[in-house]
Amino acid sequence: MSRVRKASLIVGIFLITAALAVFLITEVGIRYRYKTAAYYVDSLVSVMPELTDGIPEKRSDENMATYEVDGLNFAGIIEMPDYTLKLPVYGEWDTAKLRAFTCLFSGSANNSDLILGSTSDKDLFDFVKQISVDDRIVFTDMTGVQFT
């Protein structure tokens with residue numbers, strides 16, 4: 001076998017191995033993020049009072065109640081039943097947390113101007129391009145008030 005063939009074979013094996021490693025690391029990361037999200041959702045649900053339906057109304061104070069779990073402050077839970085998804089909502093905008101959590105960008109559910117952000121990478125919010133106007137989205141704040 002010539003040197004060029006050997007070098008090509010070695011480079012090819014290396015590239016296939018590297019691609020497989022990247023794929024496995026990505027899949028493990030996605031599963032970890034889902035487990036982490038489920039842990040925080042369960043933690044938040046366990047401390048919420050009885051759930052009630054919310055009616056948006058203008059308030060002068062846009063601050064939303066937060067609850068701390070493991071040193072992280074959460075503003076509530078977002079649920080999308082059509083996608084069997086429940087995610088914790090981190091209580092402030094933090095781009096470093098976007099891969100792990102949906103984050104509160106601005107506004108308040110009470111004032112009907114709540115803006116949340118997340119990534120659309122292949123992880124927690126990868127279905128974002130499929131969302132339609134008819135899809136139901138429920139935000140539950142830390143006082144147990146649900147806004148649909």
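See above for the structure.
Quick notes on the rules
Residues numbered from 1 in each chain as written. Predicted model: local features only at pLDDT ≥ 70, side-chain atom pairs only at ≥ 80, totals over all residues. Heavy atoms only, no water. Phe/Tyr/Trp six-rings, centres within 6.5 Å; stacked < 30°, edge-to-face > 60°. Helix = DSSP H or I, 4+ residues; strand = E, 2+ residues; numbered from the N terminus. Buried < 20%, exposed > 50% of the residue type's maximum accessible area, 1.4 Å probe, protein only. Salt bridge = Lys/Arg side-chain N within 4 Å of Asp/Glu carboxyl O. Pairing = 2+ DSSP bridges.

Q: What should I look at first to understand the packing of aromatic side chains in this one?
A: For any pair of aromatic rings, the description rests on two quantities: the centre-to-centre distance and the angle between the ring planes. One pass over the full model with this rule turns up seven aromatic pairs. Consider the rings of Tyr40 and Phe74, whose centres lie 5.0 Å apart with planes at 35°: the pair is tilted. You can see Tyr40 sitting in helix H1 (residues 3-47) and its partner Phe74 sitting in strand S3 (residues 72-80), a full 34 residues away along the chain. Grouping residues by exposure puts Tyr40 and Phe74 together as buried. Members of the aromatic cluster, connected to one another through ring pairs, are Tyr39, Tyr40, Phe74, Tyr90 and Phe101.

Q: Is there a simple way to explain the pattern of salt bridges in this structure?
A: In the structure shown here, the tally under the stated rule is one salt bridge. Between Asp94 and Lys97 there is a salt bridge, with the nearest N and O atoms lying 3.8 Å from each other.

Q: Looking at this model, I keep getting lost on the pairing of strand S7 (residues 138-141). Mind explaining?
A: For a regular strand, the rule is simple: side chains alternate between the two faces of the sheet. Alternating residues of S7 divide into Val138 and Thr140 and Phe139 and Asp141, and every residue in both groups is buried. Relative to S7, S3 runs antiparallel, the two being bridged by four bridges. Looking across to S7, one finds that Glu79 is bridged to Val138. Hairpin geometry of S7 and strand S8 (residues 145-147) is characterised by an intervening segment of three residues between the two adjacent antiparallel strands and by a positive phi of about 85° at Gly144.

Geometric values such as these leave the question of function open.
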